[in-house]
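Summary of structural features
The primary structure of each chain is shown beneath.
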2 protein chains.
Amino acid sequence: VPLTPRGAGTGVEGGAIPLRRGLVLDSSRLDGITILPAERVAIVGAGVRKLDLKRAAARHGLCFGPDPSSNPSLGGMASTSASGMTTLRYGTTRENVVSMRVVTPQGDVIRTRTAVRKSSTGLELNQLYLGAEGTLGVIAELTLRLFPEPTARTGCLLPFASVADAAACVVALLQAALPTLLRCELLNTEAITATNAMFAQQLPPRPTLFLECAGAELRHTRRDAAAAVALARAHGAEIQGDTALQLTEGDALESLWETRRGCYPASLRAVGATAAPRKVLITDVCVPLAALPRVIAATEADFLASKLQCILCAHIADGNFHCLVPYAGALEAAAAHAAEERMIARAIEAGGTVSGEHGVGMGKIAHCLCEHGAAHLGVQAAIKHALDPRGLMNPGKVYHVAQQQQQAARARM
Amino acid sequence: VPLTPRGAGTGVEGGAIPLRRGLVLDSSRLDGITILPAERVAIVGAGVRKLDLKRAAARHGLCFGPDPSSNPSLGGMASTSASGMTTLRYGTTRENVVSMRVVTPQGDVIRTRTAVRKSSTGLELNQLYLGAEGTLGVIAELTLRLFPEPTARTGCLLPFASVADAAACVVALLQAALPTLLRCELLNTEAITATNAMFAQQLPPRPTLFLECAGAELRHTRRDAAAAVALARAHGAEIQGDTALQLTEGDALESLWETRRGCYPASLRAVGATAAPRKVLITDVCVPLAALPRVIAATEADFLASKLQCILCAHIADGNFHCLVPYAGALEAAAAHAAEERMIARAIEAGGTVSGEHGVGMGKIAHCLCEHGAAHLGVQAAIKHALDPRGLMNPGKVYHVAQQQQQAARARM
């Protein structure tokens, strides 16, 4: 019987959707949380959700680093190597899972890795199951790294004339290596316009960096945020004494991030050319930072030329951006998907990846073959066949195309 | 024809020794180094050695993080996930390889991972080949992360009455999160005595922490080193105005690390009870930091009770320690290996790993089975069989025992 593990169902590439009938394994009752403050780790069931872990860790002055905009399960985050806005400082889920308990398709329970700081004892099964999207086994329990929760936070908004100017400023910011820099996000003009409408606010409709410095002392976060503002001015940021653009703290900072997280709901409300019911195409790629301004500018222009909106929000310091494209009707759907294909081709051409943090699921299978090549996918499929020879774990996902090719080759032999 | 890849031959667990005849593939002519300063990466051939990369990166004000005491090849470091003294700040080799070019046993050349900051596109082959010790393919080229090279350095020596006192101080140091702390090493009394003899110096013969703070400004490294000294005094460090124990910089700091790196040659010179030619047993384990004082104390006492010297040097902030045990003759050899077995059992019992940074090679195959269990090793061996079905890559290594069990099971079917 095919088995498809499911976390909170927040994934956007369809990883948890069963394609070959069978059972869906709902992990929501694997909900135990144990915090070990001295070791700075949390041991959690796979069904525990991000916000529940956040609350439990906060009681010990600790936090889990990766922070997607939605509220996924930790098992789901591990399965897709999810990340979000704080990867700039803490890395992705991949870098924050010390060890896991995994149930293999044969029913063995293994601990993927010994929970020590370093180990050099053969194949790294922890990193293998991370990002495997439930195709190699079921994640039951995770041991996670925690960090001291920053108690001082200062943010700022930096509007620029162009995405290229904003990106150049980000390169300078990274070189300045401000010790407390935590988040560095970019919203394009259409994202600002859409969130202005949703939250009834009046941010200047320009490409805008959303920054946050976080640490143990306000004088440090204010110093670094002020340094960021100075750098931004030197890179042409259009800051003209507008109070909304000053350093923000407390509730004002919270509402800044509410705006950023609001991009997706705002895209659902975006008014299109027709009155038809609207859907939103969500996609993401990640490219080397040097290529980012060029790839973003070409992508925006392409969607515009296709008569589509492109609400773009980027984890820009990681080279990662999301496009949210509202569409209605078959013609706009076709145009949106065609422009997405060109965006993905552009990312591959720039040395990038076809999925920065959303996984492969159903949506990006064919693109993975373009990114990695047949030999790489062949190795992936050979591992899949070795560990799940009957193909029962989340069938039809991730490396399905390569699997089919290998099955055909085996049948010919 | 079996093929055993070989880097610089500095490994201590025998990973590069061919056990089934065949060819040894010497990587030393894969010696190209390209530094991309803007992206902060180096692209190197697998045969490039640590010190050559260090020199090339330094010309751009950059450095490669991991720093083993010997001068291994980068391909070898990747194959065993080597680390060293600076893992406290930079992580192991595993965390510093962005991507690799690997030649599979079938002769395909794959790029293990797209060289972007984050990617979520299926199985993590980069982390799979890292630490595989040449059993799954040949590493040809590596793309490595670089960091700005610290230009200001301040060190100190902190002698304690006992290893337990030193370990308690390290826990406090880690909690203080001094921003510039780079290295934190422990030498036991016998290591101090042996290096005193070798370098004709007079450090107090006590368990001693060797610390280094490194950053962009001396006022920061001096501030942090002074804070470390204050913390050490509060934890009973025996600092009595001895000039050798003050903050050290420049040449004095270099000679401090020469002493630390000298532990191995010093152990070769250590005078034993007999005049017979002496060898040195080298072994390492890594345990959770909380268990470290207990495991180190029990291990020292055990070697002593076995009438052996135990020159112990620890990457103590990682929970990782090495024992260098000089011995001569069959009786001492047997006693040394028996005490090593008990040390390894102690590490496993404490939730630790049987090899912190030396790999598995020939020396730790059986112990990996104890650490990970049969199901984990079974998954490893299944992957090995899937990717190298004829068993030609570095045969007899890493998971050889599990492979034999699976071969027997397949033969029975």
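Up top you'll find the structure we're talking about.
Residues numbered from 1 in each chain as written. Chains lettered and ligands numbered in written order. Predicted model: local features only at pLDDT ≥ 70, side-chain atom pairs only at ≥ 80, totals over all residues. Heavy atoms only, no water.

1. Some remarks on the relation of the copies chain A and chain B
- Once chain A has been moved 0.0 Å along the axis and rotated by 180°, it coincides with chain B to within an RMSD of 0.0 Å. Between the two chains, the operation in question is that of a two-fold axis.
- Most of the interface of chain A is mirrored in chain B, where 100% of its interface residues are also at the interface. (Least-squares fit on C-alpha atoms with pLDDT ≥ 70 in both. Contact = heavy atoms within 4.5 Å.)

2. Description of the sheet that holds strand β12 (residues 208-215) of chain A
All names here are of chain A.
- A sheet is described by the order of its strands in space; here 6 strands give the open sequence β10-β12-β11-β14-β15-β13, paired in antiparallel fashion. Edge positions in the sheet fall to β10 (152-159) and β13 (279-286), since each has one partner strand and no second. The average undirected angle you get between the axes of adjacent strands in this sheet is 15°.
- Across 8 bridges, the pairing between β13 and strand β15 (residues 320-327) is antiparallel. Bridge assignment links Lys279 to a residue of β15, and that residue is Tyr327. (Pairing = 2+ DSSP bridges. Helix = DSSP H or I, 4+ residues; strand = E, 2+ residues; numbered from the N terminus. Axes fitted to C-alpha atoms, helices over the stretch in contact; angles between N-to-C directions.)

3. Remarks on the pairing of strand β8 (residues 138-145) of chain A
Residues and elements named next belong to chain A.
- Note that strand β4 (residues 41-45) and β8 share 5 bridges and pair antiparallel. Considered in β8, the bridge of Val44 is made with Leu142.
- Bridge analysis of strand β6 (residues 97-103) against β8 gives 6 bridges, and the strand direction is antiparallel. Following the sheet pairing, Val102 is matched in β8 by Ile139.

4. A look at the side chain of Gln127(A)
- You can see Gln127(A) is positioned in helix α4 (residues 125-129).
- Judged by relative accessible area, Gln127(A) falls into the buried class, the value being 9%.
- Among the polar contacts listed, one links the side chain of Gln127(A) to the side chain of Arg94(A), at a separation of 3.0 Å.
- Once residues lying within four places of it in the same chain are set aside, the contact partners of Gln127(A) are Arg94(A), Glu124(B) and Gln127(B). (Buried < 20%, exposed > 50% of the residue type's maximum accessible area, 1.4 Å probe, protein only. Polar contact = N/O pair within 3.5 Å; in protein donor to acceptor, adjacent residues only side chain to side chain.)

5. A closer look at helix α8 (residues 250-261) of chain B
All names here are of chain B.
- Counted at 1.5 Å a residue, the expected span for α8 with its 12 residues is 16 Å, and the 17 Å between its end C-alpha atoms agrees.
- Listed as buried for α8 are Leu253, Leu256, Trp257, Thr259 and Arg260. For α8, the arc enclosing every buried residue in end-on projection is 150°, short of the 170-degree limit, so these residues lie on one face. (Expected span 1.5 Å × (residues − 1). Arc of directions from axis to C-beta.)

6. Concerning the pattern of salt bridges
- Scanning the entire structure with this criterion turns up 44 salt bridges over all chains.
- One salt bridge in this structure joins Glu238(A) and Arg206(A), with 2.7 Å as the shortest N-O distance. On the criterion of sequence distance, the pair formed by Glu238(A) in the loop between α7 (218-234) and α8 (250-261) and Arg206(A) in the loop between α6 (189-199) and β12 is long-range, its members being 32 residues apart.
- The partner of Glu124(B) in a salt bridge is Arg113(B), and the shortest N-O contact between them spans 3.7 Å. Here Glu124(B) is found in the loop between β7 (109-111) and α4 (125-129), whereas its partner Arg113(B) is found in the loop between β7 and α4, with 11 residues between them in sequence. (Salt bridge = Lys/Arg side-chain N within 4 Å of Asp/Glu carboxyl O.)

7. Quick word on the interface of chain A and chain B
- Opposite the 65 residues of chain A that make contact, chain B presents 65 residues.
- Taking both sides of the interface into account, the surface hidden between chain A and chain B amounts to around 4,700 Å²; carbon and sulfur atoms contribute 61%.
- One salt bridge in this structure joins Lys118(A) and Glu357(B), with 2.9 Å as the shortest N-O distance.
- Inspection of the region where chain A meets chain B yields 30 residue pairs in polar contact (both at pLDDT 80 or more).
- Breaking the side of chain A that touches chain B down by element, the ones donating at least two residues are α3 (87-90), β7 (109-111), α4, α5 (163-176), α12 (365-372) and α13 (374-387) of chain A.
- The greatest single-element share of the side of chain A that touches chain B, amounting to 8 residues, is contributed by α13(A).
- Here the residues of the side of chain A that touches chain B sort into 26 nonpolar, 28 polar and 11 charged. (Buried area = accessible area lost by both parts, 1.4 Å probe. Nonpolar A, V, L, I, M, F, W, Y, C, P; charged D, E, K, R; others polar.)

8. Structural notes on unusual backbone geometry
Residues and elements named next belong to chain A.
- The backbone phi angle of Arg21 is positive, close to 55°, even though this residue is not glycine.
- Tracing the sequence through the fold places Arg21 in the loop between β1 (3-6) and β2 (23-26).
- Arg21 sits in the exposed class, given a relative accessible area of 74%.
- Backbone geometry places Ser81, a non-glycine residue, at a positive phi of 50°.
- Mapped onto the secondary structure, Ser81 falls in the loop between α2 (74-80) and α3.
- A relative accessible area of 3% means that Ser81 is categorised as buried.

9. Some remarks on the sheet that holds β6(A)
Residues and elements named next belong to chain A.
- Pairing in this open sheet of 5 strands is antiparallel, and the strands run β3-β4-β8-β6-β7 from one edge to the other. The open sheet terminates on both sides in strands that have one partner only, identified here as β3 (33-36) and β7. Across this sheet, the average inter-strand angle for adjacent strands is 15°, counted without regard to direction.
- Together, β3, β4 and β8 form the strand contacts of helix α1 (residues 50-58), whose direction differs from that of β3 by roughly 35°.

10. Regarding empty space enclosed by the protein
All names here are of chain A.
- Evaluated as defined, the whole model comprises 5 cavities of 30 Å³ or more.
- Surrounding the largest cavity, 15 residues form its lining, Lys54, Cys63, Phe64, Gly65 and Asp67 being those nearest its centre.
- For the lining of the largest cavity, the secondary structure elements donating two or more residues are α1 and β11 (181-187).
- Considering every element that reaches the lining of the largest cavity, the biggest residue donor is α1, with 3 residues. (1 Å grid on protein atoms, 1.4 Å probe; cavity = no way out; pocket = protein on both sides within 12 Å on 5 of 7 lines; lining within 4 Å. Points joined across faces, edges and corners; volume = space filled by probe spheres on them.)

11. Notes on a nonpolar patch on the surface
- Residues Ile17(A), Leu19(A) and Met362(A) make up a contiguous nonpolar surface patch of roughly 240 Å² in combined accessible area.
- The topology assignment puts Ile17(A) in the loop between β1 and β2. (Patch = residues over 30% accessible without salt bridge, like charges linked within 9 Å, V, L, I, M, F, W, Y side chains within 5 Å. Areas by Shrake-Rupley, 256 points an atom, 1.4 Å probe, with all protein chains shown as cover.)

12. Some details on the environment of Phe147(B)
Residue and element names in this part refer to chain B.
- Structurally, Phe147 can be placed in strand β9 (residues 147-148).
- A sequence separation of 156 residues divides Phe147 from Phe303, and the C-alpha atoms of the two residues are 40 Å apart.
- Setting aside anything within four residues of it in sequence, one finds Phe147 in contact with Gly61, Leu62, Cys63, Gly65, Tyr90 and Asn96.

13. Observations concerning the environment of Gly9(A)
- Looking at the element boundaries, Gly9(A) is found in the loop between β1 and β2.
- Between the C-alpha atoms of Gly9(A) and Gly76(A), which are 67 residues apart in sequence, the distance is 8.2 Å.

14. Details of the state of the cysteines
Residue and element names in this part refer to chain B.
- Summed over all chains, the structure comprises 0 disulfides over all chains.
- For the unlinked cysteine Cys156, the closest cysteine sulfur is that of Cys213, found at 6.5 Å.
- Cys313 forms no disulfide, and the closest cysteine sulfur to it belongs to Cys263, at a distance of 4.2 Å. (Disulfide = S-S within 2.5 Å.)

15. Quick word on the packing of aromatic side chains
Residue and element names in this part refer to chain A.
- The final tally for this structure, using the stated rule, is 4 aromatic pairs over all chains.
- Centroid distance Phe210 to Trp257: 6.2 Å. Interplanar angle 50°. Geometry classified as tilted. On the criterion of sequence distance, the pair formed by Phe210 in strand β12 and Trp257 in helix α8 is long-range, its members being 47 residues apart.
- For Phe210, a relative accessible area of 0% puts it in the buried group.
- Over the face of the ring belonging to Trp257 we find Arg183, whose NZ or CZ atom lies 5.1 Å from the ring centre. (Phe/Tyr/Trp six-rings, centres within 6.5 Å; stacked < 30°, edge-to-face > 60°. Lys NZ or Arg CZ within 6 Å of the ring centre and 35° of its normal.)

16. Re the side chain of Glu357(A)
- When you line up the elements, Glu357(A) lands in the loop between α11 (329-349) and α12.
- You can call Glu357(A) buried: its relative accessible area is 9%.
- A polar atom in the side chain of Glu357(A) sits 2.8 Å from the side chain of His322(A).
- Here Glu357(A) is in contact with Thr80(A), Ala82(A), Ser83(A), Gly84(A), Asp284(A), His315(A), Asn320(A), His322(A), Lys118(B) and Ser120(B), once residues within four sequence places are set aside.

17. Focus on the packing of α5(A) against α7(A)
Residues and elements named next belong to chain A.
- Interhelical geometry of α5 versus α7 gives an angle of 140° and a closest axis separation of 10 Å. As judged from the angle between their axes, α5 and α7 are oblique. Viewed along their axes, α5 and α7 form a crossing whose handedness is right-handed. Of α7, the residues touching α5 (which contributes Cys169, Ala172, Leu173 and Ala176) are Ala228, Leu231 and Ala232. (Parallel < 35°, antiparallel > 145°, perpendicular 65-115°, else oblique. Left-handed = near helix turned anticlockwise from the far one by under 90°.)

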